[in-house]
Each structure stands twice: as C-alpha cells, then as structure tokens.
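Commentary on secondary and tertiary structure
The primary structure of each chain is shown beneath.
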Amino acid sequence: PHPTLMVSLSRLGGAVLALRGPELERDSLELRAVLSVAEELRHADADVAVESNVEAVELSHRQLAFATRAATPAQVAAEIAPRLSHPGAVVRRGALACLRNIATQD
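Predicted model, so just to flag it, every value in this text is computed and none were measured.

The next thing to look at is the pattern of salt bridges. All chains considered together, the criterion is met by three salt bridges. A salt bridge links arginine 20 to glutamate 30; its shortest N-O distance comes to 2.4 Å. Note that arginine 20 is positioned in helix H1 (residues 3-20) and glutamate 30 in helix H2 (residues 29-42), a separation of ten residues in sequence. Overall, the relative accessible area of 31% leaves arginine 20 in the partly exposed class. Note that arginine 62 is salt-bridged to glutamate 58, the shortest N-O span being 3.5 Å. Of this pair, arginine 62 and glutamate 58 both sit in helix H3 (residues 49-66), four residues apart, which is roughly one turn of that helix. Among the residues examined, arginine 62 registers a relative accessible area of 24% and is labelled partly exposed. One network of salt bridges, with partners in common, ties together Arg20, Glu23 and Glu30.

Below you can see the structure in the form of structure tokens.
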C-alpha cells in the first residue's frame, strides 16, 4: 500500500479509537480494521519505516488509552516492545514513552 495512504488510515484509525473507543469490543469490525492498519505500518518498506513505525506506536497507544475493553496493557506492550530496537531514534523514543505510560498505569 502507498505510504501516505497508510499514514492517513492510521490517523483515521486513531480518530475512530478516540471517538468510539470505550464502546469497542475485542472482536469489533472497527477495531480489527484499526489493528490491520497498525500491522501494515509495522511491516512498511525501509524507506518509509520510521514514519510508519511512529504511526503504529501512536495507534497502539491510542488503542490502550481509548479502547480499554479491547486491549490490555500487556497486549499493547507486546506490540510496542519490538520498536525499542528500531534504528530510528524517534521510533524508539515513542515506544519508550508509551511503555512508560503503561508502567505508570499499573
């Protein structure tokens, strides 16, 4: 998929999570769509990997913040933890900030 389209879909997914998050269940169609966008972003080509991975981290963080019935902190931490070894510093900082947020919530 086109990188700009994926980033736009990620931002749209973030808006869906912010607006409908509390009512989303684990198996809802909306949540599955948002998670598939996040998965595509995590597997982006190397030339757009930094921006895509930043969006994926932010989308996971929004999932935890807004869709509390659809995600547990452990699930989100497992999705984000691999980003700590990403070559892009901004990706690592975003992942670390999200993991810190998860740690302070528990």
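Still more ground to cover, so stick around.
The next point concerns the nonpolar core. Among the nonpolar cores identified, the biggest contains twelve residues, and these are Met6, Leu17, Leu24, Leu31, Val34, Val37, Ala38, Leu41, Ala56, Leu59, Ala67 and Ala70. Taken together, the elements giving at least two residues each to this core come down to H1, H2 and H3. Here the element with the most residues in this core is H2; it accounts for five residues. Non-local contacts of leucine 31, meaning those with residues more than four positions away in its chain, are made with Leu17, Glu25, Arg26, Gln63 and Ala70.

This brings us to the environment of glycine 88. Here glycine 88 lies in the loop between helix H4 (73-80) and helix H5 (89-105). Judged by relative accessible area, which is 11%, glycine 88 ranks as buried. Measuring from C-alpha to C-alpha, the distance between glycine 88 and alanine 74 comes to 24 Å, with 14 residues separating the pair along the chain.

Of note, glycine 13 is situated in helix H1. On the basis of relative accessible area, glycine 13 is assigned to the buried category, the value being 8%. Along the backbone, glycine 13 and alanine 97 are 84 residues apart, and their C-alpha atoms lie at a distance of 20 Å. In this structure, glycine 13 is in contact with Val34 and Leu59, ignoring residues within four places of it in sequence.

Once that is clear, we can look at H5. A rise of 1.5 Å per residue sets the reference length of H5, with its 17 residues, at 24 Å; its end C-alpha atoms lie 24 Å apart and thus fit the reference within 8%. Within the sequence span of H5, burial applies to Val91, Ala95, Cys98, Leu99 and Ile102. Buried residues of H5, seen end-on, are gathered within an arc of 100° and therefore sit on one face of the element. More than 90 degrees from the buried face of H5, the exposed residues found are Arg93, Arg100, Ala103 and Thr104.

Conventions used here
Residues numbered from 1 in each chain as written. Predicted model: local features only at pLDDT ≥ 70, side-chain atom pairs only at ≥ 80, totals over all residues. Heavy atoms only, no water. Salt bridge = Lys/Arg side-chain N within 4 Å of Asp/Glu carboxyl O. Helix = DSSP H or I, 4+ residues; strand = E, 2+ residues; numbered from the N terminus. Buried < 20%, exposed > 50% of the residue type's maximum accessible area, 1.4 Å probe, protein only. Core = buried A, V, L, I, M, F, W, Y, C linked by side-chain atoms within 4.5 Å. Contact = heavy atoms within 4.5 Å. Expected span 1.5 Å × (residues − 1). Arc of directions from axis to C-beta.

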